[in-house]
Amino acid sequence: MVLLVGLTGVGKSTAVGALRAAVPAAAVLPNRRELAARIVIPEAQRLAGETERPVRDRLERFRLTAGYRQAHAGGLAHALERYLRHAALPPAPLLLFDNLRGESEVRFAASAFPSARFIVLEAPPEVRVLRLAGRRD
């Protein structure tokens, strides 16, 4: 398994595309946003006594993901571990995950997935800003 790590806009998704082109049989795992929608946000809503529902507002997503991190050390890496424990994955020579952020997620993932490899991507702030501005999300 290869886990890509880095801030928003450094090129993690582009790197996943390049790795997938190099290893066509690689399996791309649900990304951060998908796992947040599937696992993190619903559980954070339950923990807060709220009704489960899709959340599009970024500030509300931040609040809920912070609640999940508070309840589960490792944050999204914890959600990835839960997903992999229950997912029926097709046989693949390589699993790719886009994206971990922060020391606590990386530490959790390193412990939970001892045979995984980590690729840390960086980009100057001005490059990240240009990439983010072009996304329009």
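Residues numbered from 1 in each chain as written. Predicted model: local features only at pLDDT ≥ 70, side-chain atom pairs only at ≥ 80, totals over all residues. Heavy atoms only, no water.

Q: Looking at this model, I keep getting lost on the layout of surface pockets. Mind explaining?
A: One simple way to see leftover space: roll a probe sized like a water molecule over the atoms. Within this model, the largest pocket holds a volume of roughly 920 Å³. What lines the largest pocket is a set of 31 residues, and nearest its centre among them are Thr8, Arg32, Arg33, Asn99 and Arg101. Contributions of two or more residues to the lining of the largest pocket are made by α1 (12-22), α2 (32-47), α3 (58-71), β3 (95-100), α5 (103-112) and α6 (125-135). Ranked by residue count, the leading element in the lining of the largest pocket is α3, at six residues. By residue class, the composition of the lining of the largest pocket is seven nonpolar, eleven polar and 13 charged. Space inside the second largest pocket adds up to approximately 170 Å³. Surrounding the second largest pocket, Ala37, Ile41, Pro42, Gln45, Glu52, Arg53, Pro54, Val55, Arg56 and Arg61 form its lining. The dominant element in the lining of the second largest pocket, judged by the number of residues it contributes, is α2, at four residues. Split by residue class, the lining of the second largest pocket holds five nonpolar, one polar and four charged. (1 Å grid on protein atoms, 1.4 Å probe; cavity = no way out; pocket = protein on both sides within 12 Å on 5 of 7 lines; lining within 4 Å. Points joined across faces, edges and corners; volume = space filled by probe spheres on them. Helix = DSSP H or I, 4+ residues; strand = E, 2+ residues; numbered from the N terminus. Nonpolar A, V, L, I, M, F, W, Y, C, P; charged D, E, K, R; others polar.)

Q: Before we go on, may I ask you to explain the pairing of strand β1 (residues 2-5) in this structure?
A: On any regular strand, side chains alternate: one points to one face of the sheet, the next to the other face. By the alternation rule, side chains of β1 split into Val2 and Leu4 and Leu3 and Val5, which are all buried. Sheet topology note: the β1/β3 ladder contains four bridges and is parallel. Pairing of Val5 across the sheet is with Leu100, part of β3. When β1 meets strand β4 (residues 117-120), the two strands line up parallel, connected through four bridges. Looking across to β4, one finds that Val2 is bridged to Arg117. (Buried < 20%, exposed > 50% of the residue type's maximum accessible area, 1.4 Å probe, protein only. Pairing = 2+ DSSP bridges.)

Q: Can you help me understand the sheet that holds β3 in this one?
A: Sheets are built from strands that pair by backbone hydrogen bonding, the pairs being arranged parallel or antiparallel. The parallel open sheet is built from four strands, whose spatial order is β2-β3-β1-β4. The open sheet has two edge strands, β2 (27-28) and β4, and neither has a second partner.

Q: Please clarify how the side chain of His78 should be interpreted in this entry.
A: As for its placement among the helices and strands, His78 is situated in helix α4 (residues 76-86). Ignoring any residue separated from it by four or fewer positions in sequence, one finds His78 in contact with Tyr68, His72, Ala73 and Phe108. (Contact = heavy atoms within 4.5 Å.)

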